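Descriptive analysis of the structure
One-letter residues, chain by chain:
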Amino acid sequence: MSTARERFQTRVKTLPDGLIIFGVMLGLYSIFTVLTVSLGFGVSGIVDTLRTVTYFTAVYALLVLALNLHWGYTGLFNIGVAGFMAVGVYTMAIVTGPTSPGAGTVPGLGLPLWVGIVAGTAAAALVGVVAALPALRLEADYLAIVTLALSEIIRLTYNSTVFQEFSLFGTPVGTGGASGINIPTNPQTPINAFFEGQMGRAALDAAAAVGVTRPIVVRNVAYTLILVVVVAACYVFVQRIGKSPFGRVLKAIREDELVADSLGKNTRRFKIKVFAVGCGMMGLGGILWFGSDGYASPLSFRPIVTFYIFIALIIGGSGSNTGSVVGGAIFAGLLYYLPQFFEQNSAAALDRIQAIIGGSTATPNTFVAAVDALGQLDVTAFLSYCFANIGSLRFIAVGVLLVYLMQHRPDGLFGHRIETASSVPLSKPAGGEDDE
Amino acid sequence: MSDTNTNTDAESVPGNGFPADIDASEIDVGERAESAVERNAKRTPRGLVLRVQDLQKTFGGIRAVDGVSFAVEEGTLTGLIGPNGAGKSTTFNCITGALTPTNGIVYFNGEEVTGQSPHEIANRGLIRTFQIARELEEMTVLENMMLAPGGQSGESLIRAVTPGLRADVVRQERAIRDRAWELLERFELDHLAGEYAGSLSGGQRKLLELARALMADPEMILLDEPLAGVNPTLETKLLERLHELCASGYTFLLVEHDMDVIMNHCDPIIVMHQGSILTVGSSEEIRVDEQVIEAYLGADI
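Residues numbered from 1 in each chain as written. Chains lettered and ligands numbered in written order. Predicted model: local features only at pLDDT ≥ 70, side-chain atom pairs only at ≥ 80, totals over all residues. Heavy atoms only, no water.

1. Structural notes on the overall build of chain B
Here is the rule: Numbering of helices and strands runs from the N terminus; a helix is a DSSP stretch of H or I covering at least four residues, while a strand is a stretch of E covering at least two. The buried label applies to any residue whose accessible area, calculated with a 1.4 Å probe on protein chains only, is under 20% of its type's maximum; exposed applies above 50%, and partly exposed to all values in between. Should any heavy atoms of two residues lie within 4.5 Å, those residues are counted as being in contact. Each accessible area is a Shrake-Rupley estimate made with a 1.4 Å probe; only the visible protein chains count as cover when residues are assessed.
Of regular secondary structure, chain B possesses eleven helices and ten strands. Among the 301 residues that make up chain B, the fraction classed as buried is 56%. Summarising the internal contacts of chain B: among those between residues at least 6 apart in sequence, 67% fall at separations of at least 24. Looking at chain B as shown, the accessible area adds up to about 12,600 Å², and 48% of this sits on carbon and sulfur atoms.

2. Some points on the overall build of chain A
Applicable threshold: Charged residues are defined narrowly, with Lys and Arg counted positive, Asp and Glu counted negative, and His plus the chain ends left uncounted. Each charge is placed at NZ for Lys, CZ for Arg, CG for Asp and CD for Glu.
A count of helices and strands for chain A gives 18 helices and four strands. Overall size of chain A, expressed as C-alpha extent along the three principal axes, is 70 × 70 × 50 Å. The proportion of buried residues among the 436 residues of chain A is 50%. Looking at chain A alone, contacts between residues at least 24 apart form 76% of all its contacts between residues at least 6 apart. Total accessible area on chain A stands at roughly 19,400 Å², and carbon and sulfur atoms take up 66% of it. Within chain A, the 24 negative side-chain charges are centred at a point lying 3 Å from the centre of the 26 positive side-chain charges.

3. Remarks on the packing of aromatic side chains
Which entries qualify depends on this criterion: Whether two aromatic rings pair depends on their centres lying within 6.5 Å, for rings of Phe, Tyr and Trp, where Trp uses its six-membered ring; planes under 30 degrees apart make the pair stacked, over 60 edge-to-face, and the rest tilted. In our convention, an over-ring charge means Lys NZ or Arg CZ found within 6 Å of a ring centre and within 35 degrees of that ring's normal.
Counted by the stated rule, this structure contains 27 aromatic pairs over all chains. The lysine or arginine in question, Arg51(A), covers the ring of Tyr55(A), its NZ or CZ lying 5.7 Å from the ring centre. The cationic tip of Arg241(B) hangs over the ring face of Phe187(B); the distance from NZ or CZ to the ring centre is 5.8 Å.

4. Considering the side chain of Asp178(B)
Here Asp178(B) shows up in helix H6 (residues 166–186). Accessibility expressed as a relative area gives 12% for Asp178(B), which makes it buried.

5. What to know about empty space enclosed by the protein
All names here are of chain A. Applicable threshold: In this analysis a 1.4 Å probe is tested at points of a 1 Å grid over the protein atoms alone, and where it fits but cannot get out there is a cavity; an open set with protein on both sides within 12 Å along at least five of seven lines is a pocket; lining residues have an atom within 4 Å of a point. Grid points are joined across faces, edges and corners, and a volume is the space filled by probe spheres set on the points. The residue classification treats Ala, Val, Leu, Ile, Met, Phe, Trp, Tyr, Cys and Pro as nonpolar and Asp, Glu, Lys and Arg as charged. All others, Gly included, are polar.
For the structure shown, the criterion picks out four cavities of 30 Å³ or more. Contributing to the lining of the second largest cavity are Tyr73, Gln239, Gly242, Lys243, Glu419, Thr420 and Ala421. Among the residues making up the lining of the second largest cavity, the classes are represented as two nonpolar, three polar and two charged.

6. Structural notes on the pairing of strand E2 (residues 62–73) of chain B
Residue and element names in this part refer to chain B. Rules: One requirement defines pairing of two strands: DSSP has to find at least two bridges between them.
Across the twelve residues of E2, nine count as buried, placing the element largely inside the fold. As defined by bridge partners, strand E1 (residues 48–59) adjoins E2 across nine bridges and the pair is classed as antiparallel. Following the sheet pairing, Gln56 is matched in E2 by Asp66. Between E1 and E2, which pair antiparallel in sequence order, lie two residues; one of them, Gly60, sits at a positive phi of approximately 60°.

7. Re the confidence of the model for chain B
Residues and elements named next belong to chain B. Basically, it comes down to this: The pLDDT score gives, residue by residue, the confidence of the prediction method on a 0 to 100 scale.
For chain B, per-residue confidence averages 81 on the pLDDT scale, and residues scoring 70 or more make up 83% of the total. Across chain B, the element-wise mean pLDDT spans from 45 in helix H1 (residues 31–43) up to 94 in helix H3 (residues 118–123). Between residues 1–37, whose pLDDT stays under 50, and residues either more than four places distant or in other chains, the model counts 56 contacts. Throughout residues 39–45 the model reports pLDDT below 50, and contacts reaching past four residues in sequence, or to other chains, amount to twelve contacts. Scored as a complex, the prediction yields pTM 0.85 and ipTM 0.81.

8. Focus: the side chain of His119(B)
Mapped onto the elements of the fold, His119(B) is located in helix H3. On the basis of relative accessible area, His119(B) is assigned to the buried category, the value being 13%. For His119(B), the residues in contact, after removing those within four places along its chain, are Asp261(A), Gly264(A), Lys265(A) and Asn266(A).

9. Examining helix H17 (residues 379–388) of chain A
In terms of residue burial, H17(A) counts as a mostly covered element, since seven of its ten residues are buried. Of all the residues in H17(A), the buried ones are Thr380(A), Ala381(A), Phe382(A), Ser384(A), Tyr385(A), Cys386(A) and Phe387(A).

10. Points about the sheet that holds strand E8 (residues 251–255) of chain B
In a beta sheet, neighbouring strands pair by backbone hydrogen bonds and run either parallel or antiparallel. Residue and element names in this part refer to chain B. As a reminder of what qualifies: Note on geometry: axes are C-alpha line fits, over the in-contact stretch for helices, and angles between N-to-C directions span 0 to 180 degrees.
Ordered in space as E6-E7-E8-E3-E9-E10, the six strands form an open sheet in which the pairing is mixed. Strands at the two margins of the open sheet, each flanked by one partner only, are strand E6 (126–128) and strand E10 (276–281). Recorded for the sheet is a direction-independent mean angle of 20° between the axes of neighbouring strands. Lying on the sheet, helix H2 (residues 88–96) is in contact with strand E3 (77–81), E6, strand E7 (220–224), E8 and strand E9 (269–273); it crosses E7 at an angle near 150°.

11. A word on the layout of surface pockets
Over the atoms rolls a probe the size of a water molecule, and in doing so it shows where empty space is left. All names here are of chain A. Its boundaries defined by the atoms lining it, the largest pocket holds a volume of some 580 Å³. Every residue lining the largest pocket is counted, 23 residues in all, and those nearest its centre are Leu136, Leu138, Glu139, Glu257 and Lys271. Contributing elements (two or more residues each) for the lining of the largest pocket: helix H6 (140–159), helix H10 (245–255), helix H11 (257–262) and helix H12 (267–291). When the residues that make up the lining of the largest pocket are grouped by side-chain class, the tally is eight nonpolar, six polar and nine charged.

12. What about the confidence of the model for chain A?
Low pLDDT marks regions whose predicted coordinates should not be analysed in detail. Confidence along chain A averages 85 in pLDDT terms, with 93% of residues attaining 70 or more. Throughout residues 432–436 of chain A the model reports pLDDT below 50, and contacts reaching past four residues in sequence, or to other chains, amount to five contacts.

13. Here's the deal with the state of the cysteines
All names here are of chain B. Which entries qualify depends on this criterion: Count a disulfide wherever a pair of cysteine sulfur atoms falls within 2.5 Å.
Scanning the model with the defined rule gives zero disulfides over all chains in all. Free of any disulfide, Cys246 has its nearest cysteine sulfur in Cys266, 8.6 Å distant. Given a relative accessible area of 3%, Cys266 falls into the buried group.

14. Digging into the sheet that holds strand E5 (residues 111–112) of chain B
Residues and elements named next belong to chain B. The four strands lie next to each other as E2-E1-E4-E5, forming an open sheet whose pairing is antiparallel. Both edges of this open sheet fall to E2 and E5, since each of them pairs with a single strand only. In terms of strand pairing, strand E4 (residues 103–108) meets E5 through two bridges, oriented antiparallel. In the strand pairing of E5, Tyr107 is matched with Glu112. Across the sheet, H2 is in contact with E1, E2 and E4; its angle to E1 comes to roughly 115°.

See the structure below:
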């Protein structure tokens, strides 16, 4: 029995990374296809659900990859991810916001979208450097405290009325304070323009022909595809870093900084560089996440966001980029979006369940009542309670999962893999003499 | 010693390795140590790679190192011994930059390196190993080796990720990989190349640490108890390697607890006691030195 399992594990280990990610996505798609079909979704609904899964997977994958660069590779305990995301999003929103906005919104600089994305990413990286200069002198735990505090300082700064509207070199701009900020020229604008063109209309017609009748779904799919391309590029980028002498020094810093230092590596400079790159990616991740929502507020960047990303990294296995993507996919699909999906479709789901197993759809008021219902074999009532309180129950699920992982797979799904840091294959050179 | 003339001091004396304005007679050291240094200097015409002058290190009220002066000649296997608490490791850490000395000067190849950070000193060609072998456990043996060489172009982030610039990095990586394999074969560690360094035995770790230090292509290696916890067979092997390396021009300063090893293999030997230098000499001289015997066995004997 265990040999079959081992055989399966070795087979998974030798699979190409792309195939593993593809397989995980296929698994997620199957789960959501079964769910949506059994709840009687139309084609548009099914496509939109799968798109949402892809979207959350992509943004999580990007953020987890960035965190993996910090924590997995270099051992920098950065728990301020949300703060760096906020810097990216707000900078982008301020840079691209219209100069003369409608009532109730704050003005921006009115620059093109791509400038906003570049500026947001760069600003997050810059804040990373400024934070790194003093903070990276600290040992792991203290760095964690400082980064967490920094992310809260960033959030509260955006929340404060002082910067709600201020003047930047004479141009009025603002963060919107507690009421948040619109991202009016959100990344969908070029996509909207595309779908107004001839090719775009043809694409919409084609989509309608296969049953996707809502244009917004097609537009969102297009956005998600672009997002996937960006994440793929970032994946290649961090893989390159990981498999280079630069990445080797990062790993050495994680293992024992004094050793790296004693071998002539200026570890401080390496740490600052990688901190900046990772923070820039976190900023970009934030932009891609909230850019499509068209709105962000300080509430979107509470520390819980950071912890979600950490959990995804722990699931995938820190130190592995493929693990980061898989962890991001599993967390985003099953722990982040699935509960949300049940919450949004709880009535339909409960009706469906009741039709199959009977029971009552009335929601018990307390957990005790729900367990009581379960005791009387009324599973539907219990599930009804679960769906109604899924936000809180998700924490329990996450906690149980973490305990399980700590017990059985402390390295996560891919953390045990030997992924060597080198730009060339490391097998013994064959001839020895003829090489070079 | 070829870079002696690149010294900032135009009047530096070639072969001596020290700026001309520092005259040996001016060095204010304890009487005993001074004569030892002089004796050393007389004995061989070779250059001094490392020179420590009046080194002091205090931790709060404790003087761990109290005015230590000595020099290490090129191509020697110099031993540094002393009873527990003599200040050997602190001296070591002050030389390699892990600690900043309270007072005193460290010269390496004639240039002052006092208070520089470990990586600056390492990049000058002075590499150290650690008392408790500090392998990078979750890196493979080969990765450990390939980390060490200095001046790798792939350590620049931009070169590491930009496709057009990677050709150079790949060429260098190949050369480094081949050298790593060569050294691993010489140290009989090649069969472990793909393993995590954390899974090596204590003795293998010591070997790897020495091999890794060599990858950095240093002029001098400071070995902090390289034989602690190493079985006798491996110990012989390690010592053979050290002698070979010495013969091919490397300089070693060896801190060791094991008197026999030091006595049989090191020359000269520096003896430390209570934070200062007790004496310097060959093993024959040390063996009969009353003060050394007293320091090791207690004052009353």
